[in-house]
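Residue-level structure breakdown
Chain by chain, the residues:
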Amino acid sequence: MFVGTVRTEVLKGCALLASAITLACCVCSADESAWQNLAKGAAYTLDPAPNYQHCTEPGDATQLTDGVYTEGHFWTQATTVGWSAVGQAIITVDLGAVKPIRGVSFNTAAGVAGVTWPRAIFMFVAGEDKQFRFLGDLVVLSEKPKSSVQGEYALHRFSTDALRAHGRYAGFVIMNDPFTFVDEIEVAAGDDAWLTEPAEGEAIADLKEFTKRLNVHTSVQRRLREDIDSVRKASEDSGVPKNIAKKATEELDAVADEASKLTPAYPANFKAVLPLSPLHARVFRTQASIWSAKGIAPMTVWQAGLWDALGLFAEPPKEASPHVEVWMMSNEYRAGSFNVTNATQDEMTVQMQFEGLPGGAAPAYVTVHEVAWTDTRTGFPVAAALPLAERRGDGYAIHVPPGMTRQVWLTFYPTELEPGMHAGSIVLKSGELAASIPVSLNLYPLRFPDKPRLHLGGWDYTDRPAMYGVTAERREEFVAHLKAHFVDSPWGTPGTLTYGEYDANGVCTTPPDTEYCDAWMDRWAGAAQYCVFPSVSSKIGNLDMGTPAFDAAVKAWVTFWANHFRERGLKPEQLVILLVDEPHAPEQDAIIAAWAKPIREAATGVRIWEDPIYDSMAIAEAAWLPFCDVLCPNLPSFLNASQEFRDFFVAQRDKGTILEFYSCSGPARLLDPYTYHRLQAWSCWQYDAKATYFWAFGDTGGGDSWNEYGANGNGYAMSFVGPEGITDGKHMEACRESIEDYEYLAMLKETVDAAAARGVDATKVDAARALLTDIPARVCAAYEKNRGLWWYEAGIDRSVADNGRKELLDALAGLNP
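About the thresholds
Residue positions are given per chain, counting from 1 as you read along its sequence in written order. Predicted model: local features are reported for residues with pLDDT of at least 70 only, side-chain atom pairs are reported and counted for 80 or more only, and whole-chain, interface and lining totals are derived from all residues. Hydrogens and waters are ignored; side-chain quantities use all the structure's heavy atoms. Whether a residue is buried, partly exposed or exposed follows from its accessible area with a 1.4 Å probe, protein chains only, as a fraction of its type maximum: under 20%, in between, or over 50%, in that order. The helix count covers DSSP runs of H or I at least four residues long, the strand count covers runs of E at least two residues long, and both are numbered beginning at the N terminus. Each pair of strands is called paired provided DSSP finds at least two bridges between the two strands. Axis lines are fitted to C-alpha atoms, over the contacting stretch for helices. Their N-to-C directions set the angle, which ranges from 0 to 180 degrees. Stacked, tilted and edge-to-face pairs are distinguished by plane angle, under 30 degrees for stacked and over 60 for edge-to-face with tilted covering the rest, among Phe, Tyr and Trp rings (Trp via its six-membered ring) whose centres lie within 6.5 Å. Only Lys NZ and Arg CZ are tested; either one counts as a charge over a ring when it is within 6 Å of the ring centre and within 35 degrees of the ring normal. We call two residues contacting when some pair of their heavy atoms lies within 4.5 Å.

**A short note on the pairing of strand β12 (residues 324-330)**
Counting buried residues in β12 gives six out of seven residues, a clear majority hidden from the surface. Note that β12 and strand β22 (residues 433-447) share six bridges and pair parallel. Bridging from a neighbouring strand, S330 pairs with R447 of β22.

Listed below in structure tokens is the structure:
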């Protein structure tokens, strides 16, 4: 038997975290003279195993309780234990016997290289039966780090001596992304009299499952707490009458009090869509009262930058002149948007219709999305999800909660509309409130091709029935969604290209089974290329690399698949093989070289694709580079590297190696859809790269895109992927528009060359040709100057690409006969 309490307030089961949060956060550091460390020399388990390459070594099994604190830069020292990209780490310390516990400490560091302080350190204690009880969040109970600024390295010892518990096992679940580091854990002894106190709270057999539920609860509490603080700050504005500010404060206090009493009881289909609950909605209603008191109209229609991140509590302008203006070709997708802010106390349903445009009140070539606000694991709310707006009558119903702004996203996709300037308006009505927005669609006399030339892929792994966040029931919907966004380079898992069987001389005795691969290729009929990650090792079958038999077997294997592609009416060049992912070590280079050499000697046309992450390519150049057909560096790393590094890849391209780019940063929802997703294609143009890839279309971090609170790690999916379906997102829209941007540049180059051949005026041709260099440089400067990946970064003009695109359109129209 054992208990788990905080001295000043008894924690009762799952409901206890809310109480813990309300405790004074200035719990004093433990009195060193009274701190008897029960964990000194104790055994412990780690789940998952540490994986951070610069400090992971055999000593990790004992270093957390050896009493030795790290000296020097924390995560590069052997005395530190570290994890990368695991989302959560569980440490269970065995004290050897049931003992009284008054405190714990957790020593870590953060501040540079993307390392942040833990979001939570959940504490548990268990008796001999290993049934854990929850004690609280050490991050909440501890003094806060003196520095939380990125760029400023700091050490901090999260510590509390406010516990009153006993048990044999002390459990810690650390929530953090992308890194977790710790070099020492201590458990302070309490009073022996506590050993007889009864157990309280829920018995927990599975820490992972409980922590997932608890993490949802703490995330909800964080959202409520931060939004209450935001509205409270807004109420203190000098423009708010004192009586309104007083009522707002009283309401916010009441909401905070109720929030502190919430229990972690959430339905299985809980979504982190704002507002999260009726209680949360009261916070926004308070914001509405403040807006109204400051003279904000009941319904304000306005605009922000199309690709800018909206602020959840951004005050709408008192005067606005929104205008949805889109210029485009036929057969392409382009977006426009506007915002509707509700400063009343009631849910607002806005009836929306088009007037004056061809196609009536709801033109078939315009898709209307009601942008949903969702929260993220990091607590940064975003307006990124693009569910379809409700069709009502001959128009649409737009729902705007009180005290919130709803963005309406319009996707234009005209295929049969006559070219020309089509002008009209968007009419909005809600009861007696009404507004009208001018809308103009300038459709140029040009047609976008059905298949653009820049390839797009994202490790979808849709050869498998279910993968990452994509369920078997949603796989076909997911594939259709990707195809609609110009994805033409699907990725297959290691099981896609089976090996068959080989004798001791490397002769194929049983050919590979093609059924699985054929089903995948059928699913992706018409793809430009089929990319496979076989994740090869030092063997094929029982044959060791570096032997003639191994080489013979590899040649037979790749020749079989090349012939199979021909039998299906495809070219062997359409098969792309990634042998070893992100090679960065000599042993990986050796494996690539062992496979790449016989593959190239087989002369089938099958392409070898590699994505090296070296700081220097000298080793790879000697080992396998001569056999590689495609080099695909990580674009953010490429752009931030030295000129020498970039020149290396450009030189390989000039020698005939295909250059492509990929990016794999995350979490996706915090990435800037403009600089990170859309501008990658512009960099492809600048460096003559032939494909663009993003990790990863279906990776939801082990959860649901609609509920990042419950995910195990970072989500990378650009769309909103969940068991109920696939919903478009701004980041995925940015990918699609980036492919179209690249095609504009390619079309203009062809047009310029053709115009020069026809003898068109040289001055006009030269001016258009200069745009192919000038506009990409102007567009890409937004990323290269700011090194900006994150959506919340200010000072980035996200209209440059569209302004440049209009110049390209004008040049195309001017040169076409």
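**Looking at the sheet that holds strand β13 (residues 334-342)**
Read across the sheet, four strands follow the order β11-β13-β20-β15 without closing on themselves; strand pairing throughout is antiparallel. Since the sheet does not close on itself, it has two edges, and those belong to β11 (299-302) and β15 (366-370), each with one partner. The mean inter-strand angle of the sheet, taken between neighbouring strand axes irrespective of direction, is 20 degrees.

**Here's the deal with the packing of aromatic side chains**
If you walk through the whole model with that rule in mind, you get 44 aromatic pairs. Centroid distance Y333 to Y413: 4.0 Å. Interplanar angle 0 degrees. Geometry classified as stacked. Taken together, the residues Y333 in the loop between β12 and β13 and Y413 in the loop between β20 (405-412) and β21 (420-430) connect sequence positions 80 residues apart. The class of Y333 is buried, set by a relative accessible area of 15%. With a relative accessible area of 30%, Y413 lands in the partly exposed category. For the ring pair F638 and Y687, a centre distance of 4.9 Å and an interplane angle of 90 degrees mean the geometry is edge-to-face. With a gap of 49 residues between them, F638 in helix α11 (residues 635-640) and Y687 in the loop between α13 (673-686) and β35 (691-694) connect regions that are remote in the sequence. This pair shows no difference in class: F638 is buried, exactly as Y687 is. In this structure, R736 packs its charged tip against the face of Y333, placed 3.7 Å from the ring centre.

**As for the sheet that holds strand β14 (residues 348-355)**
Judged by pairing direction, the sheet is mixed, and its six strands sit side by side in the order β12-β22-β21-β14-β19-β18 without closing on themselves. Lying at the two open borders of the sheet, with one neighbouring strand each, are β12 and β18 (390-392). Recorded for the sheet is a direction-independent mean angle of 30 degrees between the axes of neighbouring strands. Sheet strands in contact with helix α16 (residues 800-815) are β12 and β22, and its direction is about 45 degrees off that of β12.

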